[in-house]
Every structure is written in structure tokens, then in C-alpha cells.
Amino acid sequence: MKFTSVFDIIGPVMIGPSSSHTAGAARIGRVARDLFGRQPKWVKIYLYGSFAETYRGHGTDVALIGGLLDYDTDDERIKTAFQEAKAANLTFEFIPETANKEHPNTARLVMGDDDNEMSVEGISIGGGKIEISEVNGFKLRLTGGMPAILVVHDDRAGCIANVANCLAMHSVNIGHMEVSRIERGLTALMVIEVDQNIDKRIIDQISYIPHITKVSKINN
Amino acid sequence: MDVLFHNVRDLVERAEKEGKLISELMIEQEMLISGRTREEIFAQMDRNLVVMEEAVERGLRGVQSVTGLTGGDAVLIQNYIASGKSLAGDLLLDAVSKAVATNEVNAAMGTICATPTAGSAGVVPGTLFAVKNKLNPTREQMVRYLFTSGAFGFVVANNASISGAEGGCQAEVGSASAMAAAAIVEMAGGTPQQCAEGFAITLKNMLGLVCDPVAGLVEVPCVKRNAMGASNSLVAADMALAGVTSRIPCDEVIGAMYRIGQSMSPNLKETARGGLAATPTGKAITHAIFDGGDLKSLLKSRTASN
């Protein structure tokens with residue numbers, strides 16, 4: 001089921017004018033920031049489908065930037081997010097694309113700072129609900145509605161077991177898990193949805209496991 | 001996932017068998033899925049109700065959108081009601097004005113509660129605060145109104161769509177209006193089956209509604225679509241309460257809505273490439289807003305030529 005809670009239907013409380021183009025966009029920006037681990041210094045935002053056609057009128061642009069600044073859907077600062085971004089040293093660029101994506105409301109955020117770069121693709125599926133469809137070229141399906149951990153690692157035997165063991169040691173229950181790789185033996189990605197928000201201590205421990213290159217988390 | 005209902009038939013059968021309200025089943029399902037208590041869930045919905053009430057009040061005081069394209073119509077309708085000349089009836093027009101009020105606040109980038117979306121956020125609260133004056137519900141009944149709306153919206157969202165970009169305006173204002181009709185029926189004391197009839201009658205009459213926002217903004221025709229949606233809800237609710245039934249069952253209407261949405265051209269699904277957005281005036285408004293034209297004199301000349 002795409003929608004599980006009544007508050008997906010009656011809600012969210014948000015700044016207008018569009019749940020999929022404004023509230024959904026803010027959530028995509030915020031999850032992208034969570035995955036990056038901090039506020040990036042620069043971002044290039046590629047917009048597809050209906051997002052590309054109508055982003056200015058819907059405030060999709062300010063909402064995405066607001067999300068990257070960690071604002072929730074009902075944060076009044078979304079309206080002035082461009083000015084706030086300037087104050088926070090976040091530079092941004094919007095690039096409307098003509099290619100057709102699977103879903104008409106798709107945005108791809110390529111962001112970075114002096115230490116890191118990351119690409120996150122999100123889709124807004126209606127009523128303010130979103131899914132993350134791609135991270136650094138890996139296809140995945142992540143709703144952002146549950147706390148989750150993303151682990152980038154070398155494609156080696158034992159990596160998955162070691163991460164699962166580490167979570168088990170801290171009594172973290174795994175609700176859903178997806179594993180994918182671009183090519184056998186190279187880089188792979190684990191997407192792990194869990195029942196509770198993950199402490200930074202656990203994230204640090206996972207990142208010390210051999211062959212793990214990056215760990216990001218989404219809290220809920 | 002374990003849920004209490006997947007479609008309207010499940011919902012109505014279970015409600016009638018267990019002697020429960022639709023709203024009660026939605027509350028029980030939310031408890032089941034979220035693991036939270038009834039009090040927590042009720043409190044969260046109560047907060048949504050507060051947001052809705054504040055948006056209606058703000059809209060009735062008069063707002064203008066960021067572009068200047070919409071705003072102030074809720075006040076005009078209230079003044080007209082006060083003049084005593086209303087033809088359609090005060091309650092119906094009150095719902096219309098309150099739906100407009102909410103959507104004018106939305107267009108002004110104000111705070112609203114999506115029901116089920118922001119573009120369709122006026123219908124459920126608009127009808128609720130209008131029937132409130134007639135039915136004198138308790139606070140609990142008002143919160144339940146939102147759970148009943150939510151139960152039907154939940155079925156639509158999971159079996160069809162509530163997104164204009166995916167299904168056209170029938171998926172947004174159409175769904176919202178049908179959700180509101182079901183909630184009105186429950187609040188007025190109708191049976192769960194009558195809720196479903198009200199829902200089906202409303203949605204049937206909003207099938208095919210295209211999403212053609214001028215300049216891609218949630219303003220024209222969205223604000224007035226919410227108004228018409230609210231009137232649809234009230235009339236359909238009255239019909240259901242009178243004992244009128246829909247020949248096509250509720251779930252089949254939802255299925256039809258989904259397939260119509262899929263076969264609709266992308267030009268008519270929130271891209272602002274077709275329908276009203278593609279009319280000469282629609283294009284002139286787009287040009288005025290985004291390419292530095294003079295929107296004020298354009299709107300003035302429209303009023304003058306009318």
C-alpha cells in the first residue's frame with residue numbers, strides 16, 4: 001500500500017499552494033539533506049515532468065531549498081528560503097529537463113561541499129507523500145516515512161551480515177531491507193528501514209566495519 | 001500489511017456488521033498501523049481541525065494571493081449571503097464561501113491542512129464548518145468528520161490516485177468532494193452504506209475533471225473548483241440521506257476514475273499545457289506573471305469586457 005496513515009490523507013499541515021509540488025518538494029529536500037548528512041554548500045536541482053513545467057508557480061523551488069535548510073512542510077520560512085539560503089551559504093541552480101521520468105513529479109538533487117558529493121532523486125506521489133527513487137545512481141524505493149539507514153559498501157561477502165549483526169547488538173529491528181549493486185564485485189548499497197530512530201553512535205560503529213564506505217540515515 | 005479495509009465494500013460491510021461508524025474503523029486502523037493510542041491519534045486530528053478553522057477564518061477576513069490572481073471572493077460570497085438574496089440557499093453558499101476561503105489562503109502561501117491535497121484543501125473544511133451551524137456537532141463529532149473523510153480518501157489513494165498530475169482534478173477536488181459527502185452523511189446520522197452512496201454520487205459527477213491550472217498555479221480554476229466541489233458534496237449527501245442510491249457501486253466508480261485518469265492526456269494533468277491554461281487569456285496571464293507583463297491591467301480589462 002502506498003498510503004498507510006490517515007494523516008497521509010488528512011494532512012500534512014503545510015504552507016500552500018500544493019501538497020505534491022510544495023510540501024512534497026520540501027520533504028524531498030529535507031530527506032536529501034538527511035542523506036547527505038549535513039547542509040550542502042551547493043546544489044543543482046534537475047526538475048522533470050510537471051515539476052519542470054510549473055515549479056515557479058507552485059513554490060517548488062523555494063520548498064526544495066527550504067527542505068535542504070531542514071525546514072518542515074509547515075515552516076513559514078519556506079516562503080523566504082532563497083534569502084535564508086544566501087545567509088546559510090547555500091548556492092543553488094534549477095535546471096528544468098524535458099526527458100520523461102516514470103513519475104511526473106520528479107526532482108534530482110546533485111549536491112556537495114568540500115568533502116563530498118551526492119545525487120538523490122525523489123518523486124512526489126501525491127498528498128505530500130514522497131519516495132526516494134535513486135541515490136548515487138542506485139535505484140531504490142524509500143518512503144521517508146520510516147527511519148532508515150543507507151550503507152554504501154564494497155560488494156564483498158559478509159558485509160550485509162556484519163551490518164545486520166551490529167544492528168542486532170543494539171536491539172534495532174529491521175522492518176524492510178533492499179540490497180543492490182551497480183556491478184558485481186564493485187560498489188553496493190543497502191537500504192535498511194528500521195523501527196526506531198538511529199543513534200549517531202550506531203552509525204559510527206557501522207562506518208568502522210571493513211568495506212563500508214559511507215553510512216547515511218533518515219530519522220523520522 | 002494487515003489493514004481493516006482495502007475498499008469501500010470492506011469498509012461498509014465491517015461497519016454495519018460491527019455496528020460501528022466509518023470514522024471509528026479509520027481510528028482503529030490508525031491505531032493498528034501506527035501503534036499509537038486513540039488519544040494521540042485524536043489529538044493529532046484535532047490539531048489539523050484547528051489549522052482548518054484558522055484558515056477558514058483568515059480567508060473570510062480577505063486575502064490576496066502572491067500573484068494577485070485570486071483572493072477576496074470568499075468575502076464577496078459572505079456579503080451576498082448577508083444580503084438575503086441567495087437563490088441556492090444560505091448553508092450551501094456558506095460551504096462554498098468557506099471552501100473558497102481556505103483555497104484563497106492556500107494560494108497566498110498560507111498555512112492549510114491538505115485534505116487530501118493542498119489544491120483540494122477547501123472542500124472538506126468548507127462543508128464541515130457550514131454544516132456545523134445546522135447540525136451542532138460536538139468537538140468529537142467534528143474530529144470524526146475528518147476521520148470519515150480520511151477513510152474514503154485512504155481507499156481512493158491506495159486504489160486510484162489523489163494526485164492531479166497522475167489523475168487530473170477528478171483525483172483531487174473530485175476525491176475531496178466525495179470524501180466530504182460521505183462525512184456529511186455520517187454527521188447527519190446516515191448509515192455507512194448511505195455514506196458510500198453519497199461518496200459514489202459525488203465522484204460519478206466529477207469524473208473526467210481535468211487539471212488545467214493557469215500558469216501552473218493553484219489558483220485558476222482551483223479556487224472555484226473547490227467551491228463547486230463543496231456544493232456537489234452537499235447535494236449528493238442530501239440525495240443519499242433521502243434514500244437515493246448509486247447504480248454503479250462505489251469501488252467501481254473509483255476504478256473508473258483511475259482508468260479515466262490514466263487515459264487522460266498529460267496536457268490535462270497539471271502541466272498547464274491544456275484546458276483553461278492554454279486559452280488565450282490563460283496564456284496572457286502566464287506571460288504577465290512570468291515574463292514581467294502587466295497582470296493588473298489584464299485582469300481589469302477582463303472585468304471591463306464582462
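Details of the structure are given in the entry above.
This write-up is about the structure you can find in this document. What you are looking at is a predicted structure, and each value in this text was computed from that prediction instead of being measured. (Residues numbered from 1 in each chain as written. Chains lettered and ligands numbered in written order. Predicted model: local features only at pLDDT ≥ 70, side-chain atom pairs only at ≥ 80, totals over all residues. Heavy atoms only, no water.)

### A look at the interface of chain B and chain A
Turning to step 1, where the next piece is worked out: Facing the 49 residues of chain B at the interface are 36 residues of chain A.
Turning to step 2, where the next piece is worked out: In total, about 3300 Å² of surface goes out of reach between chain B and chain A, with carbon and sulfur atoms giving 64% of it.
Turning to step 3, where the next piece is worked out: Contact with chain A buries area across many residues of chain B, yet B:Met109, B:Asn158 and B:Glu270 alone supply 18% of it, more than any other trio.
Turning to step 4, where the next piece is worked out: If you look at where chain B meets chain A, you find zero salt bridges.
Turning to step 5, where the next piece is worked out: Along the contact surface separating chain B from chain A lie 16 residue pairs in polar contact (both at pLDDT 80 or more). (Contact = heavy atoms within 4.5 Å. Buried area = accessible area lost by both parts, 1.4 Å probe. Salt bridge = Lys/Arg side-chain N within 4 Å of Asp/Glu carboxyl O. Polar contact = N/O pair within 3.5 Å; in protein donor to acceptor, adjacent residues only side chain to side chain.)

### Quick word on the environment of B:Ser97
Residue and element names in this part refer to chain B.
Turning to step 1, where the next piece is worked out: Residue placement: Ser97 occurs in helix 5 (residues 90-107).
Turning to step 2, where the next piece is worked out: With 16 residues separating them in the primary sequence, Ser97 and Ile81 have C-alpha atoms 9.5 Å apart.
Turning to step 3, where the next piece is worked out: In this structure, Ser97 is in contact with Leu60, Ala74, Ile77 and Gln78, ignoring residues within four places of it in sequence.
Turning to step 4, where the next piece is worked out: Within the local environment of Ser97, its side chain forms a polar contact with the backbone oxygen of Asp94, the two atoms lying 2.9 Å apart. (Helix = DSSP H or I, 4+ residues; strand = E, 2+ residues; numbered from the N terminus.)

### Some details on helix 13 (residues 280-290) of chain B
Side chains that are three or four residues apart share a direction in an α-helix, a result of its 3.6 residues per turn.
Residues and elements named next belong to chain B.
Turning to step 1, where the next piece is worked out: Listed as buried for helix 13 are Gly282, Ile285 and Ala288. The arc enclosing the buried residues of helix 13, seen along the axis, measures out at 125 degrees, which places them on a common side. Turned more than 90 degrees off the buried face of helix 13, the exposed positions are Pro280 and Lys283.
Turning to step 2, where the next piece is worked out: Directly after helix 13, the chain includes Gly292, whose backbone phi takes a positive value near 75 degrees. (Buried < 20%, exposed > 50% of the residue type's maximum accessible area, 1.4 Å probe, protein only. Arc of directions from axis to C-beta.)

### Some words on the pairing of strand 6 (residues 129-135) of chain A
Residue and element names in this part refer to chain A.
Turning to step 1, where the next piece is worked out: Here strand 6 lies mainly inside the structure; seven of its seven residues are buried.
Turning to step 2, where the next piece is worked out: Sheet topology note: the strand 5 (residues 117-126)/strand 6 ladder contains six bridges and is antiparallel. Paired with Ser124 across the bridge in strand 6 is Ile130.
Turning to step 3, where the next piece is worked out: Between strand 5 and strand 6, which pair antiparallel one after the other, the connecting turn spans two residues, and Gly127 there sits at a positive phi close to 65 degrees.
Turning to step 4, where the next piece is worked out: In terms of strand pairing, strand 6 meets strand 7 (residues 138-142) through three bridges, oriented antiparallel. Along strand 7, the bridge assignment pairs Ile132 with Leu142. (Pairing = 2+ DSSP bridges.)

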